[in-house]
Structures are given as structure tokens and as C-alpha cells.
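Here is what each chain is made of, one letter per residue.
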Amino acid sequence: MSESLQRTVEALLFLASDPLSEQELAEATECSAAEIEAALQALAGQYAEGRRGIRLRELGGGWTLASDPAAEDAARRLFSRRRVATLTPAQAETLAIVAYLQPISRPEITRIRGVSADSAAATLLERGLIEEAGRSQFGAVLYRTSTQFLKLFGLRTLQELPDAARWDPTPEEQAKLRERLLRAGEARAGSGAPAD
Amino acid sequence: MSESLQRTVEALLFLASDPLSEQELAEATECSAAEIEAALQALAGQYAEGRRGIRLRELGGGWTLASDPAAEDAARRLFSRRRVATLTPAQAETLAIVAYLQPISRPEITRIRGVSADSAAATLLERGLIEEAGRSQFGAVLYRTSTQFLKLFGLRTLQELPDAARWDPTPEEQAKLRERLLRAGEARAGSGAPAD
Amino acid sequence: MCATGWASELLAVGPGRYGERVSIATLDLDLDLFSGPFDLLLTLILREEVDLMELQLADVVLAYLDYLETRGDLDLETATEFIVLIAALLELKSRLMLSTEDEEELLDIEPAQAAEELLERMLEARRYRAAAGHLGELLQAEEGVRFREAPLPANLRKTIAQPTDGSQNPEILGQALGRLLAMPPAISLRHIGLPRVTVSERLAHLRGLLRRGRFSFDEAVGGADRMTVAVTLFALLELYKRGEATWEQEESFGEIAVHASAVQAPGYPEAVAG
């Protein structure tokens with residue numbers, strides 16, 4: 001029985017991102033404070049320094065699991081490499097729309113893409129490639145690209161963005177870029193079902 | 001040495017929220033594939049079922065740590081939310097079509113289902129079970145399943161999904177179906193007034 | 001769901017009942033089991049060899065409303081799906097009803113080929129419904145498995161190397177924009193198949209005939225589709241109103257003889273029938 005409690009406490013500590021107090025653990029497992037204390041003690045033995053890559057630590061009045069500092073170099077290499085990962089198609093599209101039409105609101109980006117850009121925009125914000133630039137007359141947050149974006153793409157100014165005309169499938173169209181993008185986006189969203 | 005590698009691998013698995021491939025682990029730890037494999041094997045022994053509240057699982061093209069389901073009751077009390085909401089039939093069907101036919105566009109999913117899949121697809125996207133995978137030649141967004149999907153459904157790779165043809169009726173049954181369908185059509189052409 | 005048994009199970013249901021109006025109650029359908037029109041249609045056709053034309057869709061709707069009520073909760077998504085499903089069935093049904101009347105016009109594919117295509121689509125829908133069932137089982141088996149979703153510790157986050165300047169190629173942005181500029185292909189409306197015919201076209205046609213003297217209405221519409229016949233009738237009424245033409249009909253359903261009005265003022269024609 002106490003072994004199964006020990007496993008449950010370990011699972012809870014593993015799942016929680018913040019330290020858990022003994023009381024929280026007791027309530028979740030429906031056990032007494034004494035039982036929790038015993039389980040934590042047994043766990044602490046298992047997690048004794050130098051034996052595991054994870055450590056059990058008492059922190060801010062609670063208990064938490066943390067990675068062994070000895071693994072920090074490897075962790076830095078791992079997450080740095082992941083950070084450089086190329087943009088997904090949705091992110092590239094969203095970033096292109098912001099770069100060429102800034103400032104632009106999220107609903108407008110969605111209209112151009114024909115599908116929601118929320119998750120892509122959130123990632124771009126988090127990675128610091130785009131940033132907020134006030135609000136539109138309708139109250140929607142506007143976005144623009146950041147200095148970090150220019151650096152990452154090796155651009156001195158936005159004027160150095162490649163001319164979109166090079167990739168324009170219908171260069172004979174005369175309207176402004178923004179209007180054409182919106183029209184194509186609405187056609188994609190409205191048509192729904194070109195059989196492909 | 002190998003024990004310290006084992007600890008580092010454990011720490012990385014603890015820190016990463018996505019499954020880590022053996023190659024990623026090898027690059028981060030600057031070790032050979034064989035060494036990583038040995039370390040994972042040793043870890044798997046430590047994490048053998050029933051001994052710990054955490055499990056080592058091979059999922060979504062890599063390795064990841066997960067909680068022991070035995071702790072679920074306590075976890076639900078502590079985090080007061082369900083792990084994954086269940087899927088509606090429409091969502092499950094849309095997910096199955098994406099899983100088997102990816103990359104696939106929304107109109108194509110609708111064609112197969114016979115009813116629109118838009119709301120189901122939006123929910124699956126929001127829950128991170130499917131993700132965008134570029135656009136078709138006609139501009140429709142294509143979808144594929146995500147690593148999150150493999151993780152939550154306990155799959156190492158998509159290849160673990162059984163051949164969909166196994167759910168098809170036998171050739172004899174198909175012949176019978178065809179015959180019935182034809183007969184229904186003939187009867188219709190000959191029959192009298194429609195009902196409503 | 002059973003992997004192979006469903007078809008034989010459905011095939012094993014009793015004899016056909018042609019000529020009867022089939023109600024949903026006699027079908028005893030478990031509506032919980034259907035997820036799309038193909039699915040429902042497949043079962044309907046297999047069961048008792050039901051002709052969709054004999055099935056009262058209103059009954060299906062009522063049965064479904066009852067079913068929703070007994071379940072107690074109105075699942076909006078399921079209810080919406082059901083409305084879409086019934087709409088699809090209605091469309092199918094109206095097509096079936098049309099096809100007996102205007103066979104040459106609307107049935108441009110052989111019945112055998114149509115059945116083959118329908119069968120294929122139904123089987124495809126069925127296949128992925130079964131696969132969905134399998135996915136549901138997989139998810140069920142993972143019940144209680146949770147993953148850690150904690151942010152990276154702050155000390156680690158700070159020391160992670162940022163991607164180097166100039167490591168991304170701006171061309172990917174131009175490419176992405178080019179793809180977004182492409183207009184999707186226009187949707188073909190061919191299947192709706194509305195013949196376009198205007199009253200003014202038919203007016204010109206009738207005036208042309210009038211200039212040659214008398215003519216019968218049948219001559220004026222010889223071989224045309226119903227829409228053209230209707231529009232021609234409108235055109236004829238318009239000519240009458242303007243006092244340009246009038247007509248005679250000897251008996252009901254008899255020939256309608258059209259000729260120019262003797263007087264340029266409106267009068268009442270003898271009969272209007274057709």
C-alpha cells in the first residue's frame with residue numbers, strides 16, 4: 001500500500017509544473033499527512049543525489065521534481081537546436097502576410113489564409129518574430145514584424161524584402177497586393193470545395 | 001560513464017514535453033547511437049511497470065515520460081480537469097480520415113464523409129491532434145496528424161495503424177451489396193408514386 | 001464494432017416490402033450508430049431493400065428529435081450534423097424522384113455505373129468510420145496516461161542559444177505570398193444544370209413565328225425542356241397582354257393555335273390550357 005502511494009505521489013510531482021505542498025498531496029491521494037510524509041521520505045531515498053537524472057527538491061513550502069544540473073549542457077544543445085527549427089508552412093504564410101502588409105490584424109490574416117492563423121501567430125509572437133502594433137479602428141490587435149525578424153532574415157530594412165511579383169502566379173492582375181490577397185483568400189474560404 | 005549518460009538522458013526526457021528521437025538524444029549528449037540505445041534500455045529497466053509512478057514510453061517517433069495510469073484518480077482530483085476530452089463521432093471520423101489519407105484537404109474529407117467536416121477539423125486543430133501540412137495545388141490547406149496525436153493514442157508511428165482495408169467487407173459481401181444496390185435502383189425505376 | 005460481420009449482419013435482415021410506405025419505426029434504426037448520409041443510406045438500402053423514395057424522411061427527423069429528447073442533452077454539434085445529413089438525404093431523394101421522369105436528361109451514366117460509384121463511396125465512408133472506432137479504442141486504452149507540460153526552467157531558458165542572424169531565407173516569405181495570391185479554380189455549376197432561357201429570347205422567337213402566320217404552341221416549343229416551355233408560355237401571355245397575339249384551343253389538352261391579334265386591343269381568349 002505505501003509503495004503504491006509512493007508511486008502516486010511521484011506521478012503527481014512529475015505532472016505538476018509548480019511545487020506541491022504536503023497538504024495538496026494528502027488531499028489528492030486521500031491519505032493522511034503522516035502517510036504522505038513517509039512516502040516523500042521513501043521517494044527522497046530513491047532520488048538520492050547522483051543516482052538519477054531527476055531530483056526531488058523541497059522548494060517554497062512544497063515538493064517538486066527538477067532535472068539534474070549535470071545535464072544542463074546537453075539540455076542547452078537540445079533546445080537550442082530545436083529553436084532554430086524551420087518555420088512550418090502555416091507560420092511562413094502568417095509571417096509573410098505580416099511582413100508584406102503590416103500593420104495587420106489577426107482577423108484579416110485569417111481572411112487571407114482562409115483558415116485560422118491563431119496558433120501560428122502565437123508561435124511567431126513567442127519567438128519574437130512579430131509584435132503587437134496598437135489596435136485597428138475596430139479594436140483588433142495589429143501586428144508588425146520585429147527587429148529580431150529583420151536580423152534573423154538578414155534584412156536591414158523592410159524594403160529589402162524580396163519583390164513578391166517574382167512569385168506572382170497572375171502578374172497581369174492590377175489591384176493592390178492587399179486587395180488581391182483578400183480576394184483570393186475569400187474565394188478559398190467561400191468556394192470550400194474545389195475537388196482536389 | 002554509461003551511468004552518467006543514463007542520468008543525462010533521463011533529465012532530457014523529463015525536460016522535453018515532446019518525444020525525443022534517439023538521434024536528438026545522441027546529438028544533445030554527443031554520444032553514439034549505440035550508447036544512447038544502451039542508456040535507454042537501462043532506463044527502461046528502471047522504469048519497468050509497477051515499480052514507479054512514471055513510465056518510459058516509446059511514442060510519436062521518440063521516447064517520452066508519462067504518468068502511470070494508476071495515479072489518474074489522484075491526478076484528476078489535483079488538476080481538476082480531464083486528461084483528454086473524448087472525441088465526438090464526427091471528430092473521430094475526421095481524425096481517422098486524416099490519419100490514413102494524409103496530407104488531405106478539408107473538401108476531400110467532406111467528400112468522403114458526405115457531410116461537412118469543418119467544425120470537427122477546427123476542434124482537432126485546436127486540440128493539436130492535426131496540423132497544417134502546406135496547401136494543395138488548388139490552394140486548399142492540407143492537414144496531417146501531429147506528434148501529439150501519436151502520443152495521446154499510444155502510437156510509435158503511423159505504421160502501427162492497421163490497414164484500413166481490414167474493415168472492408170469480403171469480395172462476396174461486396175458482390176451481394178452491389179447486387180442489392182442495382183436491384184433497388186431497378187425497383188425504383190419501375191415503382192410508382194413517391195412517398196413524400 | 002465487429003471487423004467483418006457488419007455487412008452480413010445487415011444483409012441478413014428480412015425480405016423486401018415494396019409498395020408499402022416505410023416509416024422509421026418499422027425500420028427500428030439505432031440512430032446513435034449513424035455518422036453520415038452514406039452510412040445511413042447504405043443501411044437503408046440493405047435493410048429490407050428499402051427504396052429511399054418510400055422512406056418518409058419526416059419520420060426520420062421526428063424519430064431523431066425523440067431520440068435527442070430521451071438522451072436529455074442537446075448536443076449542438078450532433079444535432080447540426082443530423083440536419084446536414086437529412087439535407088443530404090433529401091437531395092439524394094429529390095434526385096431519385098427526378099431521375100424517373102427525365103431519365104434521358106439527368107441520367108448521363110449507366111445505372112450499373114451509378115450503383116458502382118455509390119457503392120464505392122459508401123464503402124469508403126464505412127471504412128473510415130470503422131477506423132474511427134479503432135482510434136476510439138486506442139484512446140480508451142491510454143486512459144489515465146498523462147504527460148508533463150511544464151515550461152523549461154528559467155535558468156535553462158536564458159542560456160538557450162538564439163538562432164543566428166541571417167539564418168532564415170527571405171525568399172520563403174515571397175514564395176508563401178505567391179501561393180496566397182493564386183485564385184482557386186472556379187467551381188463548376190454544371191451539375192445544377194439550369195437551362196438558361198430568357199423571356200425576351202422566347203418573345204423574339206414567337207414574334208418570328210407570328211410573322212410567318214399561324215402556328216401551334218407545340219411547334220413553338222418542339223422538343224424543348226420544361227423550363228423553356230414555361231418561359232415560352234410567359235412570353236405568349238406577354239404578347240397577349242400587348243395585344244400582339246391571341247390563340248384558340250378546340251378542346252382541353254388539344255392543340256393551341258396561335259395567331260396575330262386581329263385588333264390591337266386586348267380581349268379574352270377562348271381557353272388557356274396546356
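Residues numbered from 1 in each chain as written. Chains lettered and ligands numbered in written order. Predicted model: local features only at pLDDT ≥ 70, side-chain atom pairs only at ≥ 80, totals over all residues. Heavy atoms only, no water.

**Student:** Just checking my understanding: could you explain the overall build of chain A for this structure?
**Tutor:** Of the regular secondary structure elements, chain A holds nine helices and five strands. Beginning at the N terminus, the succession of helices and strands in chain A can be written as α-α-α-β-β-α-α-β-α-α-β-β-α-α. Computed over its C-alpha atoms, the radius of gyration of chain A comes to 26 Å, more than 25% above the 16 Å expected for a compact globule of 196 residues. Once the C-alpha set of chain A is aligned to its principal axes, its extents read approximately 80 × 40 × 35 Å. (Helix = DSSP H or I, 4+ residues; strand = E, 2+ residues; numbered from the N terminus. Rg over C-alpha atoms; globule rule 2.2 N^0.38 Å.)

**Student:** How should the overall build of chain C be read in this particular structure?
**Tutor:** Helix and strand counts for chain C come out as 12 helices and three strands. For chain C, with 274 residues in total, the buried portion stands at 43%. For chain C, restricting intrachain contacts to residue pairs at least 6 apart in sequence, the fraction spanning at least 24 positions comes to 62%. When the accessible area of chain C is evaluated, it comes to approximately 15,600 Å², of which 56% is carbon and sulfur surface. (Buried < 20%, exposed > 50% of the residue type's maximum accessible area, 1.4 Å probe, protein only. Contact = heavy atoms within 4.5 Å. Areas by Shrake-Rupley, 256 points an atom, 1.4 Å probe, with all protein chains shown as cover.)

**Student:** Sorry if this is basic, but what is going on with a nonpolar patch on the surface here?
**Tutor:** Residues and elements named next belong to chain C. Taken together, the side chains of Val199, Leu233, Phe234 and Leu237 present a nonpolar region at the surface, about 350 Å² in accessible area. It is helix 12 (residues 226-241) that contributes the most residues to the nonpolar patch, three residues altogether. On the secondary structure map, Val199 appears in helix 10 (residues 199-211). (Patch = residues over 30% accessible without salt bridge, like charges linked within 9 Å, V, L, I, M, F, W, Y side chains within 5 Å. Salt bridge = Lys/Arg side-chain N within 4 Å of Asp/Glu carboxyl O.)

**Student:** Explain the side chain of Thr145(A) here, please?
**Tutor:** All names here are of chain A. Take Thr145: it is sitting in strand 5 (residues 141-145). Looking at Thr145, the relative accessible area reads 7%, which means it is buried. Apart from the residues within four sequence positions on either side, Thr145 is in contact with Leu95, Val98, Ala99, Gln102, Leu129, Ile130, Glu131 and Leu158.

**Student:** Just checking my understanding: could you explain the interface of chain C and chain A for this structure?
**Tutor:** For interface size, the figure often reported is the accessible area lost on association. Counting from both sides, the interface comprises 36 residues of chain C and, opposite them, 47 residues of chain A. Each partner contributes to the roughly 3,700 Å² buried at the junction of chain C and chain A, and carbon and sulfur atoms together form 71% of this total. Three residues, Leu173(C), Leu180(C) and Leu181(C), lead the burial of chain C against chain A; their summed loss comes to 20% of the area buried on that side. In this structure, the connection of chain C to chain A is made through one salt bridge. With a closest N to O distance of 2.9 Å, Arg166(A) and Glu171(C) form a salt bridge. Put simply, chain C and chain A have 10 residue pairs in polar contact (both at pLDDT 80 or more) between them. Where the side of chain C that touches chain A is concerned, the elements lending two or more residues are helix 8 (154-159) and helix 9 (171-181) of chain C. The element contributing the most residues to the side of chain C that touches chain A is helix 9 of chain C, with 11 residues. (Buried area = accessible area lost by both parts, 1.4 Å probe. Polar contact = N/O pair within 3.5 Å; in protein donor to acceptor, adjacent residues only side chain to side chain.)

**Student:** Help me out: how do you make sense of the nonpolar core in this one?
**Tutor:** Ranked by size, the top nonpolar core spans 51 residues in total, and within it Val9(A), Leu13(A), Leu65(A), Phe79(A), Val9(B), Leu13(B) and Leu65(B) carry the most contacts. For Phe79(A), the residues in contact, after removing those within four places along its chain, are Leu15(B), Ala16(B), Leu152(C), Leu156(C) and Ile160(C). (Core = buried A, V, L, I, M, F, W, Y, C linked by side-chain atoms within 4.5 Å.)

**Student:** I would appreciate a short explanation of the packing of helix 4 (residues 72-83) of chain A against helix 1 (residues 2-15) of chain B in the present structure.
**Tutor:** A pair of packed helices is captured by two measures, namely the crossing angle of their axes and the spacing between those axes. For the pair helix 4 of chain A and helix 1 of chain B, the least separation of the axes is 10 Å and the interaxial angle reads 45°. With respect to helix 1 of chain B, the axis of helix 4 of chain A lies oblique. Regarding helix 4 of chain A and helix 1 of chain B, the two cross each other, and that crossing is right-handed. Of the residues in helix 1 of chain B, those touching helix 4 of chain A at Ala74(A), Ala75(A), Leu78(A) and Phe79(A) are Thr8(B), Leu12(B) and Leu15(B). Along the lines of polarity and charge, the residues of the contact of helix 4 of chain A with helix 1 of chain B split into six nonpolar, one polar and no charged. (Axes fitted to C-alpha atoms, helices over the stretch in contact; angles between N-to-C directions. Parallel < 35°, antiparallel > 145°, perpendicular 65-115°, else oblique. Left-handed = near helix turned anticlockwise from the far one by under 90°. Nonpolar A, V, L, I, M, F, W, Y, C, P; charged D, E, K, R; others polar.)

**Student:** What's the story with the confidence of the model for chain A in this structure? I'm lost.
**Tutor:** As a general rule, the predicted coordinates of low-pLDDT regions are not to be interpreted in detail. Looking at chain A as a whole, its pLDDT mean stands at 88, while 95% of the residues score no less than 70. Throughout residues 192-196 of chain A the model reports pLDDT below 50, and contacts reaching past four residues in sequence, or to other chains, amount to 12 contacts. (pLDDT = per-residue confidence, 0-100.)

**Student:** For this particular structure, what's the right way to read the pattern of salt bridges?
**Tutor:** Evaluation of the coordinates by the stated rule reveals 35 salt bridges over all chains. Here Arg178(A) ties to Glu108(A) by a salt bridge, and the two come within 3.1 Å at their closest N and O atoms. Of this pair, Arg178(A) sits in helix 9 (residues 177-191) while Glu108(A) is found in helix 6 (residues 106-113), placing the two residues 70 residues apart along the sequence. For Glu108(A), a relative accessible area of 16% corresponds to the buried category. Within this structure, Glu93(A), Arg113(A), Glu132(B) and Arg135(B) form a network of salt bridges that share partners.

**Student:** Looking at this structure, how should I read helix 12 of chain C?
**Tutor:** In an α-helix, one turn spans 3.6 residues, which is why side chains three or four residues apart end up on the same side. All names here are of chain C. For helix 12, with 16 residues, the first-to-last C-alpha span of 23 Å sits near the 22 Å given by 1.5 Å per residue. Buried within helix 12 we find Thr228, Val231, Thr232, Ala235, Leu236, Leu239 and Tyr240. Residues of helix 12 that are buried sit in contact with helix 10, helix 11 (217-221), strand 2 (245-249) and strand 3 (256-260). Trailing helix 12 by a residue or two, Gly243 shows a phi angle of about 75°, which is positive. (Expected span 1.5 Å × (residues − 1).)

**Student:** What exactly am I supposed to notice about the packing of helix 2 (residues 22-29) of chain A against helix 3 (residues 33-46) of chain A here?
**Tutor:** Residue and element names in this part refer to chain A. Helix 3 packs onto helix 2 with a crossing angle of 110° between their chain directions and a minimal axis gap of 9 Å. Here helix 3 runs roughly perpendicular to helix 2, going by the angle between their axes. Of helix 3, the residues touching helix 2 (which contributes Glu22, Leu25, Ala26 and Thr29) are Ile36, Glu37 and Leu40. Broken down by class, the residue content of the contact of helix 2 with helix 3 amounts to four nonpolar, one polar and two charged.

**Student:** Any chance you could explain the sheet that holds strand 4 (residues 130-135) of chain A here in plain terms?
**Tutor:** By way of backbone hydrogen bonds, the strands of a sheet pair with one another, either parallel or antiparallel. Residues and elements named next belong to chain A. Reading across from one edge, 3-5-4 is the order of the three strands in this open sheet, with antiparallel pairing throughout. At either end of the open sheet lies a strand with only one pairing partner, and these are strand 3 (104-105) and strand 4. Two elements, strand 4 and strand 5, share four bridges in a ladder whose sense is antiparallel. Of the residues in strand 5, the one forming a bridge with Ile130 is Thr145. (Pairing = 2+ DSSP bridges.)

**Student:** Quick question: what am I supposed to make of the packing of aromatic side chains here?
**Tutor:** Each pair of aromatic rings is reported with the distance of its centres and the angle of its planes. Scanning the model with the defined rule gives six aromatic pairs over all chains in all. Between the aromatic rings of Phe14(A) and Phe14(B), the centroid separation amounts to 6.3 Å while the plane-to-plane angle is 55°, which identifies the pairing as tilted. Here Phe14(A) is found in helix 1 (residues 2-15), whereas its partner Phe14(B) is found in helix 1 on a different chain. Side by side, Phe14(A) and Phe14(B) carry an identical accessibility label, which is buried. A connected cluster of aromatic rings, assembled from ring pairs, spans Tyr100(B), Trp167(B) and Tyr128(C). Note that Arg52(A) overlies the ring of Tyr47(A), its terminal NZ or CZ placed 4.3 Å from the centroid. Residue placement shows Lys151(B) over the ring face of Phe147(C); its charged tip is 4.5 Å from the ring centre. (Phe/Tyr/Trp six-rings, centres within 6.5 Å; stacked < 30°, edge-to-face > 60°. Lys NZ or Arg CZ within 6 Å of the ring centre and 35° of its normal.)

**Student:** How should I be thinking about unusual backbone geometry in this particular structure?
**Tutor:** Working note: non-glycine residues mostly have negative phi, and peptide bonds are mostly trans. All names here are of chain A. In this model, Gln102 is joined to Pro103 through a cis peptide bond whose omega is -5°. At Glu30, a position not held by glycine, the phi torsion is positive, near 55°. By secondary structure assignment, the location of Glu30 is in the loop between helix 2 and helix 3. Residue Glu30 is classed as exposed on the basis of its relative accessible area of 59%.

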